[in-house]
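Summary of the model geometry
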Amino acid sequence: MAKISVDLLGMSFRNPIIPAAGPNVGNGEQLSRAAAGGAGGLLAKTISREAARVPRPNMVQFGASGMLNTELWTELSPEQWLDHEYEVGLAAARSAGIPFIASIGYTPDDLRALGPRVEAKGVDAIEFTVHYLDPARVVETARALKDSVKIPIIAKLSPHSGDLGDLAAALEPHVDAFACINSFGPTLAIDIERAEPLLGSEFGYGWLSGAPLKPLAVRSVFEVARRVKKPVIGVGGVTTGKDVIEMFMAGASLVGICTVVLLRGQRMHQKLATEVDQWLDAHGYSDIRQIQGLYVQRFGHGQRVVVDTEEIPVLAADRCIKCGKCEPVCFHDAMKAPLKSLPEVSPDLCFQCGLCASVCPTDALSFAPRSGVTMRQLA
Ligand SMILES: Cc1cc2nc3c(=O)[nH]c(=O)nc-3n(C[C@H](O)[C@H](O)[C@H](O)COP(=O)(O)O)c2cc1C
């Protein structure tokens, strides 16, 4: 068994998977369920000085593992959290031996007012979210919270906040860590039978989360991790243990999950932790720290990968199930794969675009070892 516990900002997480803010951690009871579901630490839903008036409906599944939502921050009052919900959540965290992070928003005045009151409840760290903030006010907002509390503060960045590397660099002196990313949008989905929005918000606009968000989240984590030294919590589209590994390689030191829990339940924390452990074991790693930032170390300095190769896809005939999926995706007419026959490639036509190998369900097609890969320093 590999070591998957994580020490971060003076907190010890029993595994690298924590909840990201959402209805999955929308009150003390849900926080307790997240702990029972195996979360490595707890993070609560964002509170603000006013309870949110949340439109209904506010969540709709998108594709198999995606979601659009218009949930805003908590619909509970700050008093309800301060008088009750934090105590229930904190008790669950303490009995599981895991840390507890609060999330607050949004303006400097909100953070100055809420930060010390939340800290006094005994939480271990505070995340603040810039989701509804003008990017020009983000640094001022961070400083307002930093000056109000002693515990570590985490800036949660949104994909619409501009260049996240630049933003993180500007924020770094004022925060202890970063979380990225929040959901992406605004987006729109229409019920075409009724020509009506699927969500109850103005215009039906909502925010995209879940699996479709993952490549944007991984890129954002990488952009931040390559620019700053402070730790990054990777959030966005994580649905499997392999996604957690990818986030770590991109520079994350901890991973947050929301949509996968909303769609499949709190036990997903433990499931992903087990999958991470299994992947590390199978790949000969004894500690998750060994893969942390691996990609940043290799590609974080501005290199570009130039695949300078004449190679065509190689077929492992014993793995090919003769499904024929590789032929219709070959827009260079190089692949011929009649159903129930092994595919054949015309070397003269193959453009080495890679799509056939990526759709192959059994990994029977691959491009030969990348002996031709050269690294070129960008100007
Ligand atoms: C229904 C819903 C409510 C959310 N509420 C909050 C919130 O209150 N505060 C916050 O910082 N992020 C909130 N988020 C964003 C998530 O914490 C997370 O950053 C985003 O969904 C991407 O992660 P995921 O793909 O694992 O869901 C919410 C997301 C969803 C789906």
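Residues numbered from 1 in each chain as written. Predicted model: local features only at pLDDT ≥ 70, side-chain atom pairs only at ≥ 80, totals over all residues.

Quick word on the domain arrangement of the protein chain
A common way to report how large an interface is uses the accessible area buried once the components associate. Domain assignment breaks the protein chain into domain 1 (6-299) and domain 2 (303-379). On a C-alpha basis, the centroid separation for the pair domain 1 and domain 2 is 37 Å. (Domains from an automatic or database assignment.)

Details of the packing of helix H5 (residues 164-171) against helix H6 (residues 214-225)
Taken N-terminus to C-terminus, the directions of H5 and H6 make an angle of 40 degrees; their axes are 8 Å apart at the nearest point. Looking at the two axes, H5 sits oblique to H6. With respect to the hand of their crossing, H5 and H6 are arranged in right-handed fashion. Contacts between H5 and H6 involve Leu164, Gly165 and Ala168 on the former and, on the latter, Ser220, Glu223 and Val224. For the contact of H5 with H6, a count of residues per class yields three nonpolar, two polar and one charged. (Axes fitted to C-alpha atoms, helices over the stretch in contact; angles between N-to-C directions. Helix = DSSP H or I, 4+ residues; strand = E, 2+ residues; numbered from the N terminus. Parallel < 35°, antiparallel > 145°, perpendicular 65-115°, else oblique. Left-handed = near helix turned anticlockwise from the far one by under 90°. Contact = placed C-beta atoms within 7 Å. Nonpolar A, V, L, I, M, F, W, Y, C, P; charged D, E, K, R; others polar.)

Regarding the environment of Ala179
Of note, Ala179 is situated in strand S10 (residues 177-180). On the basis of neighbour count, Ala179 is assigned to the buried category, with 30 C-beta atoms found within 10 Å. Remark: the alpha-carbon pair of Ala179 and Leu198, spanning 19 residues in sequence, is separated by 29 Å. (Buried ≥ 20, exposed ≤ 12 C-beta atoms within 10 Å, placed from the backbone.)

Focus: the sheet that holds strand S8 (residues 125-129)
As summarised here, the arrangement of the eight strands in space is S3-S16-S15-S10-S9-S8-S7-S4, forming an open sheet in which the pairing is parallel. Of all the strands in the sheet, just strand S3 (17-19) and strand S4 (42-47) have a single pairing partner and so form its edges. Pairwise comparison of adjacent strand axes, ignoring direction, gives a mean angle of 25 degrees for this sheet. As paired elements, strand S9 (residues 153-157) and S10 share four bridges and run parallel to each other. When the bridges of S10 are listed, Lys156 appears paired with Ala179. (Pairing = 2+ DSSP bridges.)

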